[in-house]
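Examination of the molecular architecture
One-letter residues, chain by chain:
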Amino acid sequence: MKQSKIEFEYEVYNDIGELNEEDAWLLNEARSVTEQAYAPYSNFNVGAVAMLANGEVVAGTNQENASYPVGICAERVLLGTAANLHPNVAIKTIAISYNGDEVKSDHPISPCGMCRQALLEYETRLKQPIRLILGGMEGKVYIIKSAELLLPFAFTSTELK
Ligand code: THU
C-alpha cells in the first residue's frame with residue numbers, strides 16, 4: 001500500500017485592489033452582472049463573466065425555476081452562451097461573484113460540482129486552461145490557474161474510448 005496526496009496552489013489576494021487591471025475589471029463585471037440573475041427562490045444571485053481568447057466578453061447568471069432542479073447555475077449559463085456566440089474560441093478567464101439580500105458577500109465562492117465538471121469539459125475540448133477569479137462584492141479574492149484543479153479524479157471522455 002502507498003499513500004498518495006493531491007495538492008494544488010492558488011493565489012489569495014486581500015481585495016480587488018491587489019489584482020491587475022484586466023482581472024479587476026472582470027471581477028467588477030461579475031459583481032455587476034449578479035443583478036441579471038433570476039433567483040427568486042434562493043435569493044442568491046451569481047454572476048460569471050468570461051474573457052475569451054479572442055478578447056470577447058461573455059456573461060452568465062443563475063436562472064432558477066419553480067421546479068427547483070430545472071434551475072441552472074451562472075457558470076453553465078455562461079458556458080452555453082460562450083459556445084453559441086463564439087464557437088470554438090477558448091475561454092481564458094472566468095470571474096465569479098455573488099450577491100443577495102440574505103447573504104454577506106464578503107468572501108469567494110467556488111463553482112458547484114456539476115459546474116466543475118462542465119468547466120473541465122470546456123477547457124479539455126478547447127485545449128486551454130480556464131483561469132478562475134473568485135470573489136464576493138468585497139473581501140478576499142482567489143485566483144485558480146485552471147478549473148481542472150477543482151476536480152481531482154474527474155471522470156472524463158477518455159474513459160469512454
Ligand atoms: N449557483 C450558481 O449559479 N453558481 C455556483 O457556483 C453556486 C450556486 C446558484 C444555483 C442556485 O440558483 C443558487 O446559486 C443557490 O444555490
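Everything in this summary refers to the structure shown in the same document. Position labels on residues start from 1 in each chain and follow its written sequence. With the structure being a predicted model, the display of local features is reserved for residues of pLDDT at least 70 and the display and counting of side-chain atom pairs for 80 or more, all residues being used for whole-chain, interface and lining totals. Only hydrogens and water are removed before side-chain values are computed, so all heavy atoms of the structure are retained for them.

On to the site of the ligand, then. Surrounding the ligand, one finds Ser42, Phe44, Val46, Asn62, Glu64, Cys73, Ala74, Glu75, Ser110, Pro111 and Cys112. Take Glu64: an N or O atom from its side chain is 2.5 Å from an oxygen atom of the ligand. For the ligand, whose unbound accessible area comes to 370 Å², protein coverage reaches 75%. Note on residue classes: Ala, Val, Leu, Ile, Met, Phe, Trp, Tyr, Cys and Pro are nonpolar, Asp, Glu, Lys and Arg are charged, and everything else, Gly too, is polar. Of the residues that constitute the shell around the ligand, the class distribution is six nonpolar, three polar and two charged. In these notes, residues near a molecule or strand are those with any non-hydrogen atom within 4 Å of it. For this analysis, a polar contact is any N or O atom pair within 3.5 Å, provided that within protein one partner can donate a hydrogen and the other can accept it, and provided that sequence-adjacent residues contribute only side-chain to side-chain pairs. Only the protein chains shown count as cover for residues, and all accessible areas are computed by the Shrake-Rupley method using a 1.4 Å probe.

Positive phi outside glycine occurs at Asn43, with the angle close to 55 degrees. Numbering of helices and strands runs from the N terminus, with a helix taken as a DSSP run of H or I at least four residues long and a strand as a DSSP run of E at least two residues long. As for its placement among the helices and strands, Asn43 is situated in the loop between α1 (21-33) and β2 (45-52). Of note in the backbone geometry, Phe153 takes a positive phi value of approximately 60 degrees without being a glycine. Considering the arrangement of structural elements, one finds Phe153 in the segment after β6 (141-144). In this structure Phe153 comes out as exposed when scored by relative accessible area, which is 83%. Categorising residues by exposure relies on relative accessible area from a 1.4 Å probe, with only protein chains included: less than 20% of the type maximum marks a residue as buried, more than 50% marks it as exposed, and the intermediate range marks it as partly exposed.

Moving on: the pairing of strand β5 (residues 131-135). Here β5 lies mainly inside the structure; four of its five residues are buried. Between any two strands, at least two bridges found by DSSP are needed for them to pair. When strand β4 (residues 91-99) meets β5, the two strands line up parallel, connected through four bridges. In the sheet register, Thr93 faces β5, and the bridge partner there is Arg131. Each parallel crossover has a hand, and for β4 linked through helix α3 (residues 113-125) to β5 it is right-handed. The hairpin turn running from β5 into β6, its antiparallel successor, is five residues long, and Gly139 in that turn takes a positive phi close to 90 degrees. Handedness rule for crossovers: strands pointing away from the viewer, path from the first strand over the helix to the second running clockwise, crossover right-handed.

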